[in-house]
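# Topology and contacts: notes
Residues per chain are reported as follows:
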Amino acid sequence: MRGMTQPRTRRDVFRLAGFSAAGLALAACGVQGQKAAPPKADAVADYWAKQKKNGKVVFANWPEYMPEDKGPLEKFKQDTGIAYEYKEVIQENAEFFGKADPVLRAGQPLGYDIVVMTNGIQLQHMIELGYAVPLDHSKLPNFQANAGQKYKERSYDPGNKYTVPYTSGVTGIAYNTKYVKDEITSIESLFDPKYKGRVGMMADAQEIANFGMIALGIDPEKSTEADWNKAGEKLKAQRDAGIVRKYYDQSYIDAVSKGDVWLTMAWSGDVFQRQLAGEPVKFVVPAEGGTIWTDNMLIPKGAANPVDALMLMDYLYQPAVAAELDEYIQYVTPVPAVQDLLREKAATAKGEDKKALEDMVGSALMFPSESDYAKLRNYTRLTTQQEQVFNPIFQSITQA
């Protein structure tokens with residue numbers, strides 16, 4: 001099966017602002033530009049009335065986020081006659097936004113018709129600064145028919161005015177069952193002195209802040225500066241007690257697989273791929289809650305081919321196409337029908353392919369339960385001014 005001969009994940013290169021050099025620079029100086037007023041309905045309608053199909057689309061995405069044979073894109077080309085350019089040019093949200101901001105602020109096009117960005121600080125800036133084109137939902141029938149209701153209720157973009165999800169994942173806890181014999185169910189396990197020196201935490205400010213707040217019973221989306229300080233104190237105490245071995249980027253998954261750390265904050269897709277490889281790593285959404293993140297497709301301001309872009313975005317919401325993508329990406333699809341399609345495919349598959357497909361269909365890491373979804377929280381939504389307070393609280397912990 002494509003992509004399953006070795007562990008691979010787009011999160012190999014994923015870092016949010018607050019960890020990378022680009023992220024630190026943005027956090028330090030803030031974002032230039034004026035917040036844009038929400039577009040009026042008649043202005044949106046007028047914009048789309050002037051657009052036409054051009055027969056081409058340029059898609060900017062993260063590495064390892066499309067099958068090697070570009071199957072879904074090739075089918076799109078055959079079905080619509082629209083040619084495509086697919087560019088794996090997004091390595092992290094902060095870096096991408098740092099390059100895009102001055103171009104878009106100057107009124108120049110990026111050269112892409114679709115870009116994929118994670119919900120969080122940079123996506124919020126793209127929307128607030130008027131860098132994302134409002135979508136014409138009359139041209140998104142597959143999205144309306146096939147997207148799960150949870151993916152039509154994203155708090156960071158109410159009504160999917162500017163974005164539609166590409167894929168999602170969960171931040172929870174991974175632990176190595178060779179060393180941890182207890183069943184881990186609580187986020188407090190990450191703060192337990194009996195695991196001193198064997199706990200991994202993420203270096204990203206938003207990720208670690210969420211877990212600090214969730215541990216205190218605080219919903220990050222409803223949090224205040226006082227809540228951030230409380231979470232910061234809890235995380236600082238954890239660090240000062242020697243419980244944390246290291247604050248990790250993607251390398252946490254190797255650390256927990258090898259036993260350098262016994263339990264750690266983790267991304268669901270990484271753990272699932274290690275499980276497929278037979279490694280003794282288990283993933284759990286803590287009873288107190290975890291984080292759900294979503295990578296979203298949007299059309300940047302000045303895109304040359306917005307109609308073609310919208311057609312491709314909608315095309316990817318056909319269940320069969322979404323199933324092909326999810327079989328390769330192995331994260332959480334926004335199209336619920338994918339699970340049944342993969343189940344049908346598993347019924348006729350053989351050997352290792354059959355086993356892998358059955359593992360996918362039965363995995364809560366790809367298809368979270370309703371009880372898991374109920375425990376998942378989004379990142380804290382921050383204004384540029386709030387970032388200047390929020391980021392230093394948590395960066396001072398991970399970078400000390």
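Residues numbered from 1 in each chain as written. Predicted model: local features only at pLDDT ≥ 70, side-chain atom pairs only at ≥ 80, totals over all residues. Heavy atoms only, no water.

Let us now look at the overall build of the protein. For the protein, the helix and strand inventory stands at 16 helices and 10 strands. For 400 residues, the compact-globule estimate of 2.2 N^0.38 gives 21 Å, and the C-alpha radius of gyration of the protein, at 21 Å, lies within 12% of that figure. Considering only C-alpha atoms, the protein reaches an extent of 65 × 55 × 30 Å along its principal axes. Contacts in the protein between residues far apart in sequence, at least 24 positions, make up 80% of those at least 6 positions apart. As displayed, the protein offers around 16000 Å² of accessible surface, 50% of which is attributable to carbon and sulfur atoms. (Helix = DSSP H or I, 4+ residues; strand = E, 2+ residues; numbered from the N terminus. Rg over C-alpha atoms; globule rule 2.2 N^0.38 Å. Contact = heavy atoms within 4.5 Å. Areas by Shrake-Rupley, 256 points an atom, 1.4 Å probe, with all protein chains shown as cover.)

Contact geometry for helix α12 (residues 319-329) and helix α13 (residues 338-348): axes closest at 9 Å, N-to-C directions at 75°. Judged on the interaxial angle alone, α13 and α12 are roughly perpendicular. Residue-level inspection shows Pro-319, Ala-320, Ala-322, Ala-323, Asp-326 and Glu-327 of α12 in contact with α13, the latter providing Val-338, Leu-341, Leu-342 and Lys-345. Here the contact of α12 with α13 is composed, by residue class, of seven nonpolar, no polar and three charged. (Axes fitted to C-alpha atoms, helices over the stretch in contact; angles between N-to-C directions. Parallel < 35°, antiparallel > 145°, perpendicular 65-115°, else oblique. Nonpolar A, V, L, I, M, F, W, Y, C, P; charged D, E, K, R; others polar.)

Tallied over the entire structure, the rule returns 18 salt bridges. Lys-375 serves as the salt-bridge partner of Asp-372, at 3.9 Å between the closest nitrogen and oxygen. Classification of Lys-375 by relative accessible area gives partly exposed; the value is 21%. Here the residues in one salt-bridge network are Lys-56, Glu-85 and Lys-87, joined through shared partners. (Salt bridge = Lys/Arg side-chain N within 4 Å of Asp/Glu carboxyl O. Buried < 20%, exposed > 50% of the residue type's maximum accessible area, 1.4 Å probe, protein only.)

What follows covers the side chain of Asn-210. Looking at the element boundaries, Asn-210 is found in helix α7 (residues 205-215). Those residues in contact with Asn-210 that sit more than four places away from it in its chain are Pro-220, Thr-291, Arg-377, Asn-378, Tyr-379 and Thr-380.

To continue, consider the packing of aromatic side chains. Applying the stated rule across the entire model yields 13 aromatic pairs. For the ring pair Phe-59 and Tyr-166, a centre distance of 6.2 Å and an interplane angle of 90° mean the geometry is edge-to-face. With Phe-59 in strand β1 (residues 56-61) and Tyr-166 in strand β4 (residues 164-176), the pair connects residues that are 107 residues apart, well separated along the chain. Here Phe-59 matches Tyr-166 in class, with each residue buried. With centroids separated by 5.0 Å and ring planes inclined at 50°, the aromatic side chains of Phe-390 and Phe-394 adopt a geometry described as tilted. Of the two residues, Phe-390 and Phe-394 are both situated in helix α16 (residues 384-398); the distance of four residues between them amounts to about one turn of the helix. In this pair, the class of Phe-390 matches that of Phe-394, namely buried. In this structure an aromatic cluster arises from ring pairing among Phe-59, Tyr-65, Tyr-86 and Tyr-166. Its end group placed over the ring of Phe-191, Lys-234 keeps NZ or CZ at 4.4 Å from the ring centre. (Phe/Tyr/Trp six-rings, centres within 6.5 Å; stacked < 30°, edge-to-face > 60°. Lys NZ or Arg CZ within 6 Å of the ring centre and 35° of its normal.)

Along the chain, the position of Ile-90 falls in the loop between β2 (83-88) and α4 (93-105). Put simply, Ile-90 and Pro-63 are 27 residues apart on the chain and 7.4 Å apart in space, counted from C-alpha to C-alpha. When neighbours within four sequence positions are excluded, Ile-90 is seen to be in contact with Ala-60, Asn-61, Trp-62, Pro-63, Phe-96, Val-115 and Val-116.

What follows is about the pairing of β4. Among the 13 residues that make up β4, 13 are buried, leaving the element largely enclosed by the rest of the structure. Here β4 pairs with strand β9 (residues 290-298) via seven bridges, running antiparallel. Across the sheet, Val-170 pairs through a bridge with Ile-292, a residue of β9. Here β4 runs beside strand β7 (residues 263-267); their pairing, made up of five bridges, is antiparallel. Along β7, the bridge assignment pairs Ala-174 with Thr-264. When β4 meets strand β8 (residues 281-284), the two strands line up antiparallel, connected through four bridges. If you follow Ala-174 over to β8, its bridge partner there is Phe-283. (Pairing = 2+ DSSP bridges.)

With a phi close to 55°, Lys-70 is a non-glycine residue in the positive phi region. By the element assignment, Lys-70 lies in the loop between β1 and α3 (71-80). Not every positive phi belongs to a glycine, and Asn-160 is a case in point at roughly 50°. Within the secondary structure layout, Asn-160 lies in the loop between α6 (141-146) and β4. Overall, Asn-160 belongs to the buried group, its relative accessible area being 2%.

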